[in-house]
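# Remarks on the overall topology
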Amino acid sequence: MAKAKTLFTIGYEQTPSKAVLDELERAGVKLLVDVRAIASSRRPGFSKSQLAAGLDARGISYLHLRGLGTPKEGREAARRGQYDVLRKIYSAHLKTAQAREELDELSALVEKSGPVCILCYERDHRHCHRRWIAEIIQDRDGVKVENLAAPQI
């Protein structure tokens, strides 16, 4: 019987980029899929081009699937700690054509690309949209989900 594929998740809140990169490398991740709507950050090393360069230096590929990012009103709800509102907004977002296509793309990548990790800002996966992405892929494709956490500052 084949071993189930693993989909990793990680958030970078209050975490230096080196620690996140170290954690990804330790886990054997081969592809990092950025599921932020906007792949820029005030945190050093986490804007799209900086992140891709840091990953590349460690032999990890980078892909941005912005259609799986949380819409602005969902990000605002998360900042206010309104996770029930975030879930409602994000559930509606997942019904869009772009989100459905990118979920299918993510499923295919997990199947063929080796260890894949999805990344966004929120440190706690329980309060983040990446949790719901991972649950969909887990339920649909039978993959194992592992939530990574790099050491905080």
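Going by the structure above, here's the rest.
These lines cover the structure that appears in this document, whether it is placed above or below.

Reading the values: rules and limits
Residues numbered from 1 in each chain as written. Predicted model: local features only at pLDDT ≥ 70, side-chain atom pairs only at ≥ 80, totals over all residues. Heavy atoms only, no water. Helix = DSSP H or I, 4+ residues; strand = E, 2+ residues; numbered from the N terminus. Rg over C-alpha atoms; globule rule 2.2 N^0.38 Å. Buried < 20%, exposed > 50% of the residue type's maximum accessible area, 1.4 Å probe, protein only. Contact = heavy atoms within 4.5 Å. Pairing = 2+ DSSP bridges. Axes fitted to C-alpha atoms, helices over the stretch in contact; angles between N-to-C directions.

Turning next to the overall build of the protein chain. Within the protein chain one finds 6 helices and 5 strands. Each helix (α) and strand (β) of the protein chain, taken in turn from the N terminus, gives the series β-α-β-α-β-α-α-α-β-α-β. Compactness check: the protein chain gives a C-alpha radius of gyration of 14 Å against a globular reference of 15 Å for 153 residues, within 12% of the reference. The dimensions of the protein chain, computed from C-alpha atoms along their principal axes, are 40 × 35 × 25 Å. In the protein chain, which comprises 153 residues, the share counted as buried stands at 46%. Taking the contacts inside the protein chain whose residues are at least 6 apart along the sequence as the reference set, 77% of them involve residues at least 24 apart.

Attention shifts here to the sheet that holds strand E3 (residues 61-64). Ordered by their spatial adjacency, 5 strands build an open sheet running E3-E2-E4-E1-E5, and the pairing between neighbours is parallel. Each having just a single partner strand, E3 and strand E5 (144-147) make up the two edges of the open sheet. Averaged over all neighbouring strand pairs, the angle between strand axes comes to 25°, with direction disregarded. Relative to E3, strand E2 (residues 31-34) runs parallel, the two sharing 4 bridges.

In the case of a regular strand, side chains alternate between the two sheet surfaces. The buried fraction of strand E4 (residues 116-120) amounts to 5 of the 5 residues, a majority that puts the element mostly inside the structure. Of the two faces of E4, the one holding Val 116, Ile 118 and Cys 120 and the one holding Cys 117 and Leu 119 are both buried throughout. As defined by bridge partners, strand E1 (residues 6-11) adjoins E4 across 5 bridges and the pair is classed as parallel. Its bridge partner lying in E4, Gly 11 is registered against Cys 120. Judged from the 4 bridges that link them, E2 and E4 form a sheet pairing that is parallel. Among the inter-strand pairings, Val 33 is bridged to a residue of E4, identified as Ile 118.

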